[in-house]
Amino acid sequence: MCARRFLYVVFFLTLLAVAGAFAIFKYGDRVLIKQAVPQGHFERPAPETGPDYRNNAAWLTRPGVDWPDNPTQWTPAGITEPDTDGPRAAVFYVHPTTYLERDRWNAPLQPAGAYSDFRTTLFLQSQASAFNGVGEIWAPRYRQAAFGAFLLRSEDAQKALDLAYSDVAAAFDRFLAENESGPIILAGHSQGALHLERLLAEKVAGKPVAMRIVAAYVVGWPISTSADLPRLGLPACGAPDQPGCILSWMSFGEPANPDLILGQWEETKGLTGGDRRRSDLLCVNPISGTVNGSAAAQDNAGTLVPTADLKSATLQRGVVGARCEDGLLLIGGMVPSLGPYVLPGNNYHVYDYALFWGAIRGDAYRRLQAWRQ
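These numbers were taken from a predicted model, which means no experiment stands behind them.

What counts, and where the lines are drawn
- Within each chain, residue numbers correspond to sequence positions counted from 1 in written order.
- Totals for whole chains, interfaces and linings use every residue, but because this is a predicted model, local features are given only for residues with pLDDT of at least 70 and side-chain atom pairs only at 80 or more, for both listing and counting.
- Water and hydrogen atoms were dropped before computing side-chain values, which therefore reflect all heavy atoms in the structure.
- The helix and strand labels rest on DSSP assignments: H or I over at least four residues marks a helix, E over at least two residues marks a strand, and numbering proceeds from the N terminus.
- Throughout, a residue-residue contact means that at least one pair of heavy atoms, one from each residue, lies within 4.5 Å.
- Per-residue and other accessible areas follow the Shrake-Rupley method at a 1.4 Å probe size, with only the shown protein chains counted as cover for residues.
- In plain words, nonpolar cores are sets of buried Ala, Val, Leu, Ile, Met, Phe, Trp, Tyr and Cys residues tied together by side-chain atoms within 4.5 Å.
- Type-normalised accessible area, obtained with a 1.4 Å probe on protein chains alone, sets the label of each residue: buried when under 20%, exposed when over 50%, and partly exposed for intermediate values.
- Disulfides are defined as cysteine sulfur pairs within 2.5 Å.
- Strand pairing is assigned whenever DSSP detects at least two bridges linking the two strands.

Draft legend 1. The arrangement of the overall build of the chain in detail. Secondary structure assignment for the chain yields eight helices and 14 strands. The contacts in the chain between residues at least 6 apart in sequence include a share of 78% that link residues at least 24 apart. Total accessible area on the chain is roughly 15000 Å²; 51% of this is exposed by carbon and sulfur atoms.

Draft legend 2. Region of the structure containing the nonpolar core. Counting 92 residues, the largest nonpolar core has Phe-92, Phe-131, Leu-186, Tyr-217, Ile-246 and Phe-356 as its most contacted members. Here this core takes ten residues from helix H5 (residues 155-178), the largest share from any one element. Those residues in contact with Ile-246 that sit more than four places away from it in its chain are Leu-200, Ala-216, Val-218, Ile-223, Leu-229, Leu-232, Leu-234, Pro-235, Ala-236, Cys-237, Leu-282 and Val-284.

Draft legend 3. Quick peek at the state of the cysteines. Taken as a whole and judged by the stated rule, the model has two disulfides. Sulfur-sulfur distance for the disulfide between Cys-237 and Cys-245 comes to 2.0 Å. Across the disulfide from Cys-237 to Cys-245, rotation about the S-S bond amounts to roughly 90°, and the bridge is consequently right-handed. Here the two residues Cys-237 and Cys-245 agree in accessibility, since each one is buried. Here the chain pairs its bonded cysteines, counted in sequence order, in the arrangement 1-2, 3-4.

Draft legend 4. The pairing of strand E12 (residues 313-316), seen in detail. Burial along E12 is one-sided: the residues Ala-313 and Leu-315 are buried and none of Thr-314 and Gln-316 is. Summarising the sheet, strand E11 (residues 303-306) and E12 pair through four bridges and their orientation is antiparallel. Along E12, the bridge assignment pairs Val-305 with Thr-314.

Shown next as C-alpha cells:
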C-alpha cells in the first residue's frame, strides 16, 4: 500500500479536471469516495477469464497484425523517419488509467470492442506513437485498476492494483517470449508507470534482460533516487546518448505547487524500505536527456498541440523549454494551449508526453544508436 496516498491525490486531481467534479473540491473527500469508489467488494475473477497474451485480442497493438487505424502508428505532419539501419527495438508500453466507472474494481479487458475506449486510444496516439520510428510497439490490454480503486487504503483497493499488475507482468513475460533477443524500450505513464516501476524491480533488475534495455520511460510517477532507484536495476540517464537507463519526470508550470502530491508521497516507504523525500526526486529532462538537466525551448523538437476534437495534433517545434528544479520538471517558453486538463498547482500531468513528443522521439533514437554500438 506504499503508493496509495500518492495515488489518492493524483487521481483526485485528475477527476477534478477530467470529470469536472467541482463539488468534490468544495465538499471534500467524502463526496469523492461516495461518488467514485467502486461498489461492493473486490471479487477475484476466475483464472480462465484473464487475458491470454498468446492471442492478438489481448493486445491493443502488437506487430505482425494489421490493425485498422492503429493510433500507435500515427505521426503528425512533417515527421521524417529516422535512419533504421541495425536492429529495431521492441517497445513495451503500458497506458495510464482510462477507466472512470465505479461498477467494478478493475476495468474489463474490452469495454466495447477494439479501440472503442476513446481515452485509451488518445493516450496510445499521443504517447506510444513517439516510439514508432525506432521500434515495433506492444501495448497490452490489462485489467487496469479503476479510478476509484485509488481512493482508499483498503484490501479491496490493493487487490485491484495487484490484479492490474499481474496482467502487465504476464504480458511482459509473453513479450519476452516473442522477443528473445535484441533491444527493448519500456514506456508507461501514471498507473502504467507505477506498474512499470514494479516490473523493473521484479522482472528486470539483476536479470539478463537488463542488458537489453535501451531506456525505460517511467513518466508521471515519482521515483526516489535513494528509496526506489537502487531496486530498479538501471541507473538514471546521465547523458543523452547513454543506453540502459531510466528517464522519469513530472511536468509543472510556474509557479508550481506539488504539495498536494508530494506531501502525501513523502509519507510512504520506498522499494528499499527507506523514506521517500522530495529532495530525492528523480528528474531527467526529456529535452536534454540528462539528470537535473535544463534546456531552452529552441532545443525541444516538438510539442503536440491537439485539435479541438482531440483526434489529431500538430507538432510545434521550439516553443516549450524545461528545467529540473527540486525534482520537478518546470516548463517555460511560449507554452501553447493544450486543452482544459491542466491540474491544480499548474500540474501538466496529462501532458507529460505531449509537451516533449518530438524530444522523446529523438531521445529514443539516440539511445538505440548507442545501444547498437
